[in-house]
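# Secondary and tertiary structure notes
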Number of protein chains: 4
Amino acid sequence: MSPNIPSEQWAQVIEKQGSVTYKKIPVPKPGPDEVLVNVKYSGVCHTDLHALHGDWPLDTKPFPLVGGHEGAGVVVQLGELATELKIGQKVGIKWINGSCLACPYCQRADEPLCAKASLSGYTVDGTFQQYAVAKAAHVARIPDECDLESIAPVLCAGITVYKGLKESGAKPGDTIAIVGAGGGLGSLALQYAGAMGLHAIGIDGGDEKKKLVEKLGAQTFIDFTKTKDLVADVKAATPDGLGPSACLLLAVSEKPFQQATQYVRSRGVVVCIGLPANASISAPVFDTVVRMINIRGSYVGNRADTAEAIDFFRRGLIQVPSKTVGLSKLQDVYELMQAGKIAGRYVVDTSK
Amino acid sequence: MSPNIPSEQWAQVIEKQGSVTYKKIPVPKPGPDEVLVNVKYSGVCHTDLHALHGDWPLDTKPFPLVGGHEGAGVVVQLGELATELKIGQKVGIKWINGSCLACPYCQRADEPLCAKASLSGYTVDGTFQQYAVAKAAHVARIPDECDLESIAPVLCAGITVYKGLKESGAKPGDTIAIVGAGGGLGSLALQYAGAMGLHAIGIDGGDEKKKLVEKLGAQTFIDFTKTKDLVADVKAATPDGLGPSACLLLAVSEKPFQQATQYVRSRGVVVCIGLPANASISAPVFDTVVRMINIRGSYVGNRADTAEAIDFFRRGLIQVPSKTVGLSKLQDVYELMQAGKIAGRYVVDTSK
Amino acid sequence: MSPNIPSEQWAQVIEKQGSVTYKKIPVPKPGPDEVLVNVKYSGVCHTDLHALHGDWPLDTKPFPLVGGHEGAGVVVQLGELATELKIGQKVGIKWINGSCLACPYCQRADEPLCAKASLSGYTVDGTFQQYAVAKAAHVARIPDECDLESIAPVLCAGITVYKGLKESGAKPGDTIAIVGAGGGLGSLALQYAGAMGLHAIGIDGGDEKKKLVEKLGAQTFIDFTKTKDLVADVKAATPDGLGPSACLLLAVSEKPFQQATQYVRSRGVVVCIGLPANASISAPVFDTVVRMINIRGSYVGNRADTAEAIDFFRRGLIQVPSKTVGLSKLQDVYELMQAGKIAGRYVVDTSK
Amino acid sequence: MSPNIPSEQWAQVIEKQGSVTYKKIPVPKPGPDEVLVNVKYSGVCHTDLHALHGDWPLDTKPFPLVGGHEGAGVVVQLGELATELKIGQKVGIKWINGSCLACPYCQRADEPLCAKASLSGYTVDGTFQQYAVAKAAHVARIPDECDLESIAPVLCAGITVYKGLKESGAKPGDTIAIVGAGGGLGSLALQYAGAMGLHAIGIDGGDEKKKLVEKLGAQTFIDFTKTKDLVADVKAATPDGLGPSACLLLAVSEKPFQQATQYVRSRGVVVCIGLPANASISAPVFDTVVRMINIRGSYVGNRADTAEAIDFFRRGLIQVPSKTVGLSKLQDVYELMQAGKIAGRYVVDTSK
Ligand SMILES: [Zn+2]
Ligand SMILES: [Zn+2]
Ligand SMILES: [Zn+2]
Ligand SMILES: [Zn+2]
Ligand SMILES: [Zn+2]
Ligand SMILES: [Zn+2]
Ligand SMILES: [Zn+2]
Ligand SMILES: [Zn+2]
């Protein structure tokens, strides 16, 4: 009854720091609480570059390592306990591959904070292969009507910005500033914000970004390369002039962070999402206290956030600007990414 | 019907930066939405020192200025709109003397964030005088059975730590670390924490502090002058070893702040309350994001927080270690305070 | 500087139960914390009928009484304490005319629950006159760019459904069932729901209602006059078949209420808003407990809800289907209303 | 390495509706995600009576059925995936034996609402046997220092009232009314309320109950058999006379429910926990709306609630009045229970 599963498959394998090798490797076998997924498409994320280069303060599994954590495919084999899934069902493999399901975080649906969480393409093999294993309880359920190629980047980028918007505490009708609005995460954040009834101030640099940001529904675009007083401009873009209720920092560096704590309204929330190497956040105590500013980090979504982020996509509210190439071309994508030459998201097709 | 109100009264007046003059001044008259309060006792707070020295990034009213914002007394005169109060009723004058009652913050019961809030003993005359004016809507209601001398310090210190505990999001059964637990704010924070069902880890230095902190109900005392690894010790003092749910920083300086972001558990909250001059808060982005740390400032309580903080006192759950001297001795108190020689709280009796 | 205020004005006055008299009466004078508003337009609400007939378990002020609580106009006179408003500013007089600003509810921004709240057109004279008095702190601020004629019904109907949607706890992406979706409150509720990122199931009867409900953005329309199993149909209209997260009951009667507790998902919220005479809510304990159902009443919005509801209107997200007649025709409107012949909202123009 | 597990064991088995048979049955085997627990003690709960008599609108598994869902014991065998537990570890088997870990409720840590939740002693064999199977992810972790005999009743009764207190939304310093305060659930509720900083009004009947309720820390006892106006008395027992913030209904019947919606303060919460057969809740719409009353059902706790409820016990804050008899005497306990002759909780010792 189960599909014809080969014993070998094509994969992109990190055998030594810094490069991937396109080669045939064995198809893995799922454990009792796991499923085997025939990955059709996988988005390529900056995190994959960090796995490749080992420049994060977090160890990967020993090489060989298969990267990738935005994989969309179909279930082809079920572990004996995987009774909640079916052969042929569309699913997604995301950053959180599995977790202990028993620690204080897992008990509170905060499984991304589980100390034993396994990370796809980082601490376990990921989605840059044709067949990947994932925990049945954690695999994202993708409705039948969704296109696997388009949804792939939602599985990391989409979930991450959606989670950040939830963590911001901004409620429908509130204004939120999105720093890096014209980037890959930003363009998804703008769409999720709009679908959630939020009004967005997009902050980025250049006329091309301006055009994109306005097209994606931002009420205001502020060009940080042109403004004379960014803080004043952001405040002026809110109906009462008191500043936005929240700010999403998608590309944190020192300056945008400090500006955010200044232009966010009193009781406002500054959400850090981007993970630049060695960056710090810093704010004056006096202002933070008397204005009751809230600074918080937001990591990836849990399983419920995932389902919700996918449902916005299913309803047609989220468009992902992406470009698809064969899995065999992954090294090229990494090189473009490292050169900063990518606008939008790259997706790899595992059949090529 | 109304009590015999004199035309002159004794007060401590700041006529020039740095010193107070004990002299007779006219008794002020309440406006239509105000009351005149016969202040019996007033606590002395570090903020009063800042008003005296003008070293905060916030202007006082032009001199002469009467300081003080922890005043407990009785209503002696009512403005025509002050229909919710009665002559003879016990009330407190606190830091927030009044606010616009109409801005987005006042509409949401966040009147301490009102841009037009008037500040007792800072932007309007305060409680270091025998008769002071306050807005009827903002004056703290003190139940008859409460002793005015003992309650005075609750009106600023008590409300402030209680608000911080609420803002921490810690719920009954959670563990909270209190940095500066043996100080004036700290000793109140320990008692409020206990009354709220929280388990406290008190952090401070020295054996005297240890004794006090343990007496006030802390489950654990950690001496920062003796520990070899404060972060590890704080984590070890929680039942599951993951660290406290929250941390209250009553005396922020760089080091305790950075330690707090390390020992607080993932999803934990670091609440900044203390206001040292020119201090900054700083944390690494990576850890803040992947552990979803929340850093927030907490200012003074609103009117509802005030009523709640007073109710804990009324029930006998809060003891304020304080020493009372005559109002005429205020300059002496300031000198002790500046010399760092005060343990607990000083209260002035306006009749002496 | 202040506008020319006449000493007499036209008003519709309830002099005895059941009818209004169109006559000239003196223009009232604002107190120190009040403003005088030149009412331009006022919506007519079912509550006005209850005031006219005295059939609610709540007394009106003694007659003569001027009804009306959806008044949009401009400030023409300021009490001495009304410093937060300006002559000529557009404002709205809503159901809550004033409150004590000092009780536990006012302190928590729940002024509609204040035991001393004054009610426009009910316990104080309302907006069916050319000049009405209102408390400066409570009058709704209407932005300059808003049209007074169109916004009038937002001041009661709009705020009420917006508040109900907030109280439902439904968050962007959730599905909410709206019972009575094709009525006056319902058509506003559908628009607010959409603007808040909610997906609506509209429940009402008849093809005309179906057309209207679908035009206003409901994902699904369910005709209670045609369905064979309303509970099953509502559940089937949600993506996972578990039922909507919440339900808004705009026209409560026994049956819709009991159905709502059945089709709402486990942990779902049933919000009662409509106020039919003598109705009761009733649900089986077993199901309520093991499915953790939440049943709650939602009254009118507070001042913050009011400002938010108006801001959605200002952004052009809310269209109010209404018909305007002269104030002199109010008795005719009441007769149509009583006969159940009104679809949408009537607005009276006080100049005619 | 694993303990000596026998192939047969003593159990109390329901072979036909209405009675239990004490007999030897085979020891069950755990699946890959399960553990085998050597049950030492098990509390006896009213729910066990419902299982015995089949009078709930919820089917049990086909007989033979082993009841019991308050089992405290030690792990003696681990399924291959049960890596988060150890042989010899103290654990509890509670009402929720397992759940799918994948549905919308499990994803949000609301596993008691999972449609596939298995129920100990009801849809799967429970704890009235010496060796019982439970899902590794759901089994309650009991700290080493806790006594298994005393903790048994916490595993259902304790968790249930603790959950209800959390669902009430009451925060430290608030007053909560507990209806049925002198019963088994009530006496635990009073202790949890106190440990959570709540002030309790205990409602029950008779002088013996009064004595117990006051001993367990209630601020006020109200005897429903003696009061002339229960609603007025409950309101009068709150500091501001507005009524308690919440009410816990441990023994719902029509009258206490309707009284609760009257004496709870505006914005108050009425929590239904008790499950009398065929009972309904009913309240007038008008009052529910204009006072914004919230009526909600609370079922059992999730795994996090369980851990928290146990931690209060571990700290010595909860004493469970119970009496222990041999498992062989279970039928006697049922008979006492049915005759209404039990005060406090019975615990069975599986070794006898
Ligand atoms: Zn990624
Ligand atoms: Zn975990
Ligand atoms: Zn102070
Ligand atoms: Zn204000
Ligand atoms: Zn109305
Ligand atoms: Zn009030
Ligand atoms: Zn039970
Ligand atoms: Zn489930």
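This structure is a prediction, so every number in the text was calculated from the model and none was measured.

### A short note on the overall build of chain A
Along its length, chain A carries 11 helices and 19 strands. A compact globule built from 352 residues would reach a C-alpha radius of gyration of about 20 Å, and chain A, at 20 Å, matches this within 12%. Considered along the principal axes of its C-alpha atoms, chain A spans approximately 65 × 40 × 35 Å. Each of the 352 residues in chain A was classed as buried or not, and the buried ones make up 63%.

### Digging into the domain arrangement of chain A
Residues and elements named next belong to chain A. Per the domain assignment, the segments making up chain A are domain 1 (8–156 + 301–349) and domain 2 (159–297). Each of domain 1 and domain 2 was reduced to a C-alpha centroid, and the two centroids are 28 Å apart. Contacts between the two partners involve 17 residues from domain 1, matched on the other side by 12 residues from domain 2. Taking both partners together, domain 1 and domain 2 bury about 1,500 Å²; carbon and sulfur atoms supply 59% of that area. Inspection of the region where domain 1 meets domain 2 yields three salt bridges. Of the charged contacts, one joins Glu-308 and Lys-166 as a salt bridge, the two residues approaching to 2.8 Å between their closest N and O atoms. Summed over the shared surface of domain 1 and domain 2, the number is nine residue pairs in polar contact (both at pLDDT 80 or more). Its residues assigned to classes, the side of domain 1 that touches domain 2 comprises 10 nonpolar, four polar and three charged.

### Description of the coordination of the zinc ion (ligand 6)
Residues and elements named next belong to chain C. Taken together, the protein ligands of the zinc ion (ligand 6) are Cys-100 (SG), Cys-103 (SG), Cys-106 (SG) and Cys-114 (SG), with distances of 2.2 to 2.4 Å. Within one chain, the residues serving as donors to the zinc ion (ligand 6) are arranged as C-x2-C-x2-C-x7-C. Of this pair, Cys-100 sits in the loop between strand S7 (96–98) and helix H2 (104–107) while Cys-114 sits in the loop between H2 and strand S8 (118–119), placing them 14 residues apart in sequence. Classification of Cys-100 by relative accessible area gives buried; the value is 16%. Overall, Cys-114 belongs to the buried group, its relative accessible area being 7%.

### Structural notes on the sheet that holds strand S2 (residues 19–26) of chain C
Residues and elements named next belong to chain C. On the basis of which strands lie adjacent, the open sheet formed by three strands has the order S2-S1-S4 and antiparallel pairing. Edge positions in the open sheet fall to S2 and strand S4 (65–66), since each of these has one partner strand only. Where strand S1 (residues 8–16) and S2 come together, eight bridges link them in antiparallel fashion. Counterpart to Trp-10 in the pairing with S2 is Lys-24.

### Looking at the coordination of the zinc ion (ligand 7)
In an ideal tetrahedron of four donors about a metal, each angle is 109.5 degrees. In an ideal octahedron of six donors, the angles are 90 or 180 degrees. All names here are of chain D. In this structure, Cys-45 (SG), His-69 (NE2) and Cys-156 (SG) serve as the protein donors to the zinc ion (ligand 7), at separations of 2.0 to 2.2 Å. Here the donor residues for the zinc ion (ligand 7) map to a single chain with the spacing C-x23-H-x86-C. Here Cys-45, found in the loop between strand S3 (34–44) and helix H1 (46–53), pairs with His-69, found in the loop between strand S4 (65–66) and strand S5 (71–78); they are 24 residues apart in sequence, far enough to count as distant. For the pair formed by Cys-45 and His-69, the shared burial category is buried.

### Observations concerning the confidence of the model for chain A
Averaged over every residue, the pLDDT of chain A is 93; residues scoring 70 or more account for 98%. Of all secondary-structure elements in chain A, the lowest mean pLDDT belongs to strand S16 (residues 280–284) of chain A, at 86, while strand S6 (residues 90–93) of chain A reaches the highest, 98.

### Side note on the interface of chain A and chain B
Contacts between the two partners involve 39 residues from chain A, matched on the other side by 39 residues from chain B. Here chain A packs against chain B, burying approximately 3,500 Å² in sum over the two surfaces, 64% of which is carbon and sulfur. A salt bridge links A:Asp110 to B:Arg267, with the nearest nitrogen and oxygen atoms 3.0 Å apart. At the level of elements, helix H2 (104–107), helix H4 (157–167), S16, helix H9 (285–290) and strand S17 (294–297) of chain A are the ones that each hand at least two residues to the side of chain A that touches chain B. Residues of the side of chain A that touches chain B, tallied by class, amount to 23 nonpolar, eight polar and eight charged.

### With respect to the relation of the copies chain A and chain B
You can overlay chain A on chain B at an RMSD of 0.0 Å; the transform is a turn of 180° with a shift of 0.0 Å along its axis. Such a combination of rotation and displacement between the chain copies is what one expects of a two-fold axis. Identified as the residue of chain A closest to the rotation axis by C-alpha distance is A:Ser282, at 2.1 Å. When the interface residues of chain A are mapped onto chain B, 100% of them are again interface residues, pointing to one common binding face.

### What about the pairing of strand S15 (residues 269–272) of chain B?
Every other side chain in a regular strand lies on the same face of the sheet, so the side chains alternate between the two faces. Residues and elements named next belong to chain B. Burial of S15 is two-sided: the residues Val-269 and Val-271 facing one way and the residues Val-270 and Cys-272 facing the other way are all buried. The pairing of S15 with strand S17 (residues 294–297) spans four bridges and is parallel. Bridged to Cys-272 within S17 is Gly-297.

### Quick notes on the interface of chain D and chain A
Often the size quoted for an interface is simply the accessible area lost on bringing the parts together. The interface is formed by 20 residues belonging to chain D together with 20 residues belonging to chain A. Surface buried jointly by chain D and chain A totals about 1,700 Å² across both partners, of which 52% is contributed by carbon and sulfur atoms. Connecting chain D to chain A are four salt bridges. For D:Glu84, the salt bridge goes to A:Lys116, with nearest N and O atoms at 2.9 Å. Where chain D packs against chain A, one counts six residue pairs in polar contact (both at pLDDT 80 or more). Of all the secondary structure elements, the ones that give two or more residues to the side of chain D that touches chain A are helix H2 (104–107) and helix H10 (303–314) of chain D. At four residues, the largest contribution of residues to the side of chain D that touches chain A is made by H10(D).

Thresholds, definitions, all that
- Residues numbered from 1 in each chain as written.
- Chains lettered and ligands numbered in written order.
- Predicted model: local features only at pLDDT ≥ 70, side-chain atom pairs only at ≥ 80, totals over all residues.
- Heavy atoms only, no water.
- Helix = DSSP H or I, 4+ residues; strand = E, 2+ residues; numbered from the N terminus.
- Rg over C-alpha atoms; globule rule 2.2 N^0.38 Å.
- Buried < 20%, exposed > 50% of the residue type's maximum accessible area, 1.4 Å probe, protein only.
- Domains from an automatic or database assignment.
- Contact = heavy atoms within 4.5 Å.
- Buried area = accessible area lost by both parts, 1.4 Å probe.
- Salt bridge = Lys/Arg side-chain N within 4 Å of Asp/Glu carboxyl O.
- Polar contact = N/O pair within 3.5 Å; in protein donor to acceptor, adjacent residues only side chain to side chain.
- Nonpolar A, V, L, I, M, F, W, Y, C, P; charged D, E, K, R; others polar.
- Donors = N, O, S within 2.8 Å, 3.2 Å for Na, K, Ca; no water.
- Pairing = 2+ DSSP bridges.
- pLDDT = per-residue confidence, 0-100.
- Least-squares fit on C-alpha atoms with pLDDT ≥ 70 in both.

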